[in-house]
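# A look at the structure
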Amino acid sequence: MATGCGQLYLCLVITLRWWSLECSNYNTPLMATKDGDIIIGGLFPVHESVNFTDGVDGRPSRRICSRFNAARMLQALMLIEAVETINRSPLLGNLTLGYRIVDSCSDVTTAVSVTHRFLDVNWTVCQHVWNTTDWNEPHFLRPVDVIIGGYHSEISIAVARQLSIRQIPQISYGSTTGLLSDKSRFPAFMRTVPEDKYQAQTIVDILVNHGWDWVGLVTTDGDYGRYAAQRFRERAKEKGICMAFSTVLPDILDDSDLKLRINETITSIEKDDRIQVIVSFAKPDHMMYIMRALTPNATGRIWLASDNWATSAPRVLQNSTLKDIGTVIGVTLKSATSASFNSYLDSLNPNWTAHENNTILQYYLQRLWDRKLDLGEQLKKNVYPYAIFSVGMAVKAIASAVEDLCTRRDCRGEHFEPWMLRKALRNASFKWEPNGRQYRFDKLGDLNTGYDLILWKQNGEHVDTHNIIASYSIQSSELSFINGGEAQITTLVGNINSSCSRSCLPGERKFLQKDKDVCCFECEDCTKDMFSNDTNMVECLACADNYWSNPGSQECQKKVKEVFDWNEAFAIVLMSFAVLGIVLTLVVLVLFLARWATPMVRASVGPVSLLLLISLLGTFTSTVLFVGEPNNLQCQARQVLFGISFTLCVSCILVKSLKILLAFQIDPSVKLILNKLFQPYLIIAICVAVQVAICTVWLIKSPPTSESEDKENGKVLLLCQEGEDKDFLYFGLMLAYIGLLSLIGFVIAFKGRKLPDCYNEAKFITFGLLIYFICWVVFGPIYAHTEAGKFQPAVEMIVILFSAYGILGTLFLPKCYIILFKKDSNTREAFLKCMRDHHCQMSQDTPISLTSSPDFEDQPFNSMHNSSSQASLVPRESSDGCLSPVTSFPTAQLTPDAPPPAPVTEAPLILLLPPVTC
């Protein structure tokens, strides 16, 4: 609205020219003047408002400035003091600065009219309006060279449009709206204060610093209020701060809607006790009305005041105290030391007649000064430190620009154009002596000096607005508390909370509800293996690898590895049995090698037994790989080593079983064919090769891998998975193939269980394989259906150890016993006697021929010389290292009293089975 008004006023100035002033009726404005080579115009809102009444019979309305503000008067005096300081310095040589300061009455129309006066060189009208002779004197007819002001953004916008016509530079000491940064519309505007987006960021940082995210917003319907509120909403949204309510108050004080909007604001505060903080960009008068309307349920809140009213405590509070309204934290423009200006105030002449060119000061001395008090001390109470800096910097900038401009020309004889001064100002660099810093306008004509935070303090009947508690740096975007400011706030407000929802604690996360503000959320615990270590976290963080957490955790804990480890008591027991098995196997192997020439070893088919013992060594060794933290290589090696070594073991047993069957086969014709086909080492090689092929395909297609499986309470189970995606196909094929070979061997051995005890190993093979079957039949369902645990590898270890011990104990320990402790049974004569005793016993029960031919007994002895149907009774060593039969007997001659016949040489026949004691 104010922007539109500014455009209207500019249009009126251009089209109606000087006679427009005749259409209105103004009281004499307050002013201060001083002649000089460079004239600085000043617009200061010494009065805070304008009262007007419509004229009679359509005459111009009469406008009367009201509510004199001593603090604003002092700002005008700051300009005067700064000009006098420059004139006393050698900075400008013989040039002097002058000023023409006028009261804008905080009114746009008044400010536009005054600005027109600054620019017009031929004014001759409306002398009844400006009822003073000073403005009629010829030396004031020259236009001003630069203007300092106004303070309010709405006034600066209107004036800037007017000044842009002639490119007359304007420097504001208080207008902060971002609209004025648009150089396409306001090319001659500059300011010694930052724009409002930084003020909005400062307020947001205060809210974030204290965790206040549910706030109310009050602003005035003007260029300043709308722009500041918009920027605040944008910054607040970025930081997750929500508006509980937002009120826009009419800019005009006598607007009929003003009271309604104020009541709505009070109601919004009352009905929601979660709103403990209200941000206000309103004007001082609007805030005065709000504070008056506060009810007991609406007091005690924290008010964050913009620079618009942060230093206007007397006007806002009137007869109230901070106890009646709450806490006020204000954002003000950057302050400066007031020592120099205080000295100036102390030196002021209290006689009003001494200030004939300063009606502003005269008005104060005549009407408002309490003569009971010292003039300087009374004025110091109304000094705004930020204004000393802002106004002083504006004068410094002008002086520096004039110095640069006038070094190349005689500014007295050849005056410069306004645009030249504007250009010089934009390029000027000027120093502020109190802090020694160098300043210059940025590309937008702004001076980003930063902000101070003040905390209102009640000192008796007065409120101190000079208590600086923090500083905000625009360059670093940091809010720094000073003078124990944070402690002061905490002392006043305690741990006050202004939030829609309670803060989510560490271990929880925000759960945003649909169709509600982001500030109104629920808190829910972080899920398993997630954590949050700060308050109000939107998302929980995932634990790193090898870490875990329970639901609602603030941190993750390292996972505890669960593995069948070497230090487990059960593992130590099983490993002891494995080592014992290896030792026993080695002992048997050494014993067989040491007694290689004895009939017992020869009858056991020594080379095949050695292969069997070596396979048992591999089987016992494979169990070692089932203990400890697994890896891919270990998982693959343990199953392959067991599979191939135990396949070799079962293949050797199968060959032994086939030897028994062939040695005592009844049908000579079948036996002859089988003897020709029987190749023991080829059979073993083929059987093992098939298992090698199965394991190779297994390792290529779906190899065993080491995996980790999460368990409860942060335990991670390290185990071997016997195939991809728990595919047990190849693992099952490996075990099934071993089982098939074992079954064949078991059936063959079972058929030979009634053969001569002296050479019959079938009983022991049957018993050993029976142990194997029982173990693996039990193992299958247990392994397949038992939940994976760290003792699962132990199950397979036990089965492997039982199987290996069963074969070692049944096939080799009896032989070792005979070799070591019954040496008389490990002789050729003992073998012959055992055979005779067996056949004698069999002949007493039922005559059984060792051949399958019914005519066997009628054949002459010599005719059986080349027959292989007779059992070899006394072994001898053949060319392949095995025992061959050297003596044969006809069945009819096998009687207990018959002497052994003469030896007859036969074809080699290997006997595998050791004798038992007869």
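Up top is the structure these notes are about.
Just so it is clear, the structure is predicted and the values come from calculations on it, not from any experiment.

### Focus on the overall build of the protein
- What the protein contains, in helices and strands, is 27 helices and 32 strands.
- Split into buried and exposed, the 918 residues of the protein put 54% on the buried side.
- Across the protein, every contact between residues at least 6 apart in sequence was considered, and the portion connecting residues at least 24 apart equals 70%.
- Total accessible area on the protein is roughly 40200 Å²; 55% of this is exposed by carbon and sulfur atoms.

### Re the pattern of salt bridges
- Summed over the entire model, instances satisfying the criterion amount to 21 salt bridges.
- Note that R638 is salt-bridged to E722, the shortest N-O span being 3.6 Å. Here the residue R638 occupies a position in helix α20 (residues 632-663), and E722 occupies one in the loop between β30 (715-721) and α23 (729-751), the gap between them amounting to 84 residues. Summarising the burial analysis for this pair, R638 and E722 share the class buried.
- Two residues, K711 and E709, come together in a salt bridge whose shortest N-O distance is 3.2 Å.
- The exposure class of K711 is buried, given its relative accessible area of 17%.
- Residue classification places E709 among the partly exposed positions, given a relative accessible area of 25%.
- Each of E48, R67, D285 and R315 takes part in salt bridges that share partners, so that together they form one network.

### A closer look at the packing of helix α22 (residues 680-701) against α23
- Remark: α22 packs on α23, axes separated minimally by 9 Å, with the N-to-C direction vectors making an angle of 170°. With respect to α23, the axis of α22 lies roughly antiparallel. In this structure, α22 contributes I686, C687, V690, Q691, I694, C695, V697, W698 and K701 to the contact, and α23 contributes Y730, F731, L733, M734, Y737, I738 and L741.
- Grouping the amino acids of the contact of α22 with α23 by side-chain chemistry returns 14 nonpolar, one polar and one charged.

### Considering the sheet that holds strand β11 (residues 242-249)
- Spatial strand order, β11-β10-β12-β13-β14-β17-β20-β21: eight strands in an open sheet with mixed pairing. Each of the sheet's edge strands pairs with one partner strand only, and the pair in question is β11 and β21 (478-481). For this sheet, the mean angle separating the axes of adjacent strands, direction not counted, is 20°.
- In this structure, strand β17 (residues 451-455) lies alongside strand β20 (residues 468-473), joined through four bridges in antiparallel fashion. Each residue of the ladder has a partner; that of Y451, found in β20, is Y472.
- Each of β10 (214-220), β11, β12 (277-281) and β13 (301-305) is contacted by helix α8 (residues 284-293), which is oriented at about 175° to β13, the strand it contacts most.

### Details of helix α26 (residues 813-821)
- Those residues of α26 that fall on the buried side of the exposure criterion are K815, C816, I818 and I819. The arc that holds the buried residues of α26, viewed along the axis, is 165°, so those residues lie on one side.

### Focus on the nonpolar core
- M73, L77 and F232 are the most contacted members of the largest nonpolar core, which has 106 residues in total.
- Sorting elements by how many residues they give to this core places helix α14 (residues 385-406) first, with 15 residues.
- Non-local contacts of F232, meaning those with residues more than four positions away in its chain, are made with A200, I203, V204, L207, V215, L217, M243, V279 and F281.
- Residues F626, V688, Y772 and I800 belong to the second largest nonpolar core, which totals 70 residues.

### Details of the packing of aromatic side chains
- One pass over the full model with this rule turns up 25 aromatic pairs.
- Aromatic pair F389 and W432: ring centres 5.4 Å apart, planes at 75°, arrangement edge-to-face. In this pair, F389 sits in helix α14 while W432 sits in strand β15 (residues 430-432), placing the two residues 43 residues apart along the sequence.
- Centroid distance Y817 to F821: 5.6 Å. Interplanar angle 40°. Geometry classified as tilted. Separated by four residues within a single helix, Y817 and F821 lie in helix α26, roughly one turn from each other.
- On the basis of relative accessible area, Y817 is assigned to the partly exposed category, the value being 44%.

### Focus on the sheet that holds β30
- Strand order in the open sheet formed by three strands is β28-β30-β29, with mixed pairing between adjacent strands. The sheet is open, and its two edges are formed by β28 (560-562) and β29 (705-710), each paired on a single side. Adjacent strand axes in the sheet meet at a mean angle of 30° when their direction is disregarded.
- Looking at chain direction, β29 and β30 are connected through six bridges and run antiparallel. Bridging across to β30, T705 finds its partner in Q721.

### Concerning the state of the cysteines
- Applying the stated criterion to the full structure yields eight disulfides.
- Here C504 engages in a disulfide with C523; their sulfurs sit 2.0 Å apart. The sign of the S-S torsion, about -95°, decides the handedness of the disulfide formed by C504 and C523: left-handed. Taken together, the positions of C504 in the loop between α16 (485-493) and β22 (508-512) and C523 in strand β23 (residues 521-525) put the pair 19 residues apart, joining distant regions of the chain.
- A sulfur-sulfur separation of 1.8 Å characterises the disulfide bridge that pairs C635 with C720. Around the S-S axis, the bridge from C635 to C720 shows a dihedral of about -75° and counts as left-handed. In this pair, C635 is assigned in helix α20 and C720 in strand β30, connecting sequence segments 85 residues apart.
- Just so you know, C687 is unpaired, no disulfide at all, and the nearest cysteine sulfur is the one on C652, 9.5 Å from it.

### Comments concerning the pairing of strand β6 (residues 97-103)
- Across the seven residues of β6, seven count as buried, placing the element largely inside the fold.
- Side chains of β6 alternate between two faces, with L97, Y99, I101 and D103 and G98, R100 and V102 buried alike.
- Relative to β6, strand β2 (residues 31-34) runs antiparallel, the two sharing four bridges. Bridging from a neighbouring strand, T33 pairs with R100 of β6.
- Relative to β6, strand β3 (residues 38-44) is paired through seven bridges, and the arrangement is parallel. If you follow L43 over to β6, its bridge partner there is V102.

### Notes on unusual backbone geometry
- Following G149, the chain continues to G150 via a peptide bond in cis, the omega torsion being -10°.
- Mapping G150 onto the fold places it in the loop between β7 (146-148) and α4 (153-164).
- You will see that Q167, though not glycine, has its phi angle at about 60°, which is positive.
- Along the chain, Q167 falls in the loop between α4 and β8 (170-172).
- Look at S477: it is not a glycine, yet its phi comes out positive at around 55°.

### Concerning the pairing of β3
- When you tally the buried positions in β3, you get seven out of seven residues, the bulk of the element.
- With burial as the criterion, each face of β3 is covered, one bearing I38, I40, G42 and F44 and the other bearing I39, G41 and L43.

### Quick look at the environment of R602
- Looking at the element boundaries, R602 is found in helix α18 (residues 599-603).
- In this structure, the C-alpha to C-alpha distance between R602 and F592, residues 10 residues apart in sequence, is 9.6 Å.

### Section: helix α11 (residues 339-346)
- Buried within α11 we find F341, N342, Y344 and L345. Here the buried residues of α11 occupy an arc of 155° about the axis, which is enough to place them on one side.

### Regarding the packing of helix α7 (residues 256-271) against α8
- Packing of α7 against α8 leaves a shortest axis separation of 10 Å and a crossing angle of 55°. On the basis of their axis angle, the class for α7 and α8 is oblique. Regarding α7 and α8, the two cross each other, and that crossing is right-handed. On α8, the residues that touch L258, I262 and I266 of α7 are H286, Y289, I290 and A293.
- Its residues assigned to classes, the contact of α7 with α8 shows six nonpolar, one polar and no charged.

### Considering the environment of A244
- Summarising the element assignment, A244 is placed in strand β11.
- In sequence terms A244 and L217 are 27 residues apart; their C-alpha atoms lie 7.9 Å from each other.
- When near neighbours in sequence (up to four residues on either side) are disregarded, A244 contacts W214, V215 and I275.

Reading the values: the criteria
- Residues numbered from 1 in each chain as written.
- Predicted model: local features only at pLDDT ≥ 70, side-chain atom pairs only at ≥ 80, totals over all residues.
- Heavy atoms only, no water.
- Helix = DSSP H or I, 4+ residues; strand = E, 2+ residues; numbered from the N terminus.
- Buried < 20%, exposed > 50% of the residue type's maximum accessible area, 1.4 Å probe, protein only.
- Contact = heavy atoms within 4.5 Å.
- Areas by Shrake-Rupley, 256 points an atom, 1.4 Å probe, with all protein chains shown as cover.
- Salt bridge = Lys/Arg side-chain N within 4 Å of Asp/Glu carboxyl O.
- Axes fitted to C-alpha atoms, helices over the stretch in contact; angles between N-to-C directions.
- Parallel < 35°, antiparallel > 145°, perpendicular 65-115°, else oblique.
- Nonpolar A, V, L, I, M, F, W, Y, C, P; charged D, E, K, R; others polar.
- Pairing = 2+ DSSP bridges.
- Arc of directions from axis to C-beta.
- Core = buried A, V, L, I, M, F, W, Y, C linked by side-chain atoms within 4.5 Å.
- Phe/Tyr/Trp six-rings, centres within 6.5 Å; stacked < 30°, edge-to-face > 60°.
- Disulfide = S-S within 2.5 Å.
- Left-handed = near helix turned anticlockwise from the far one by under 90°.

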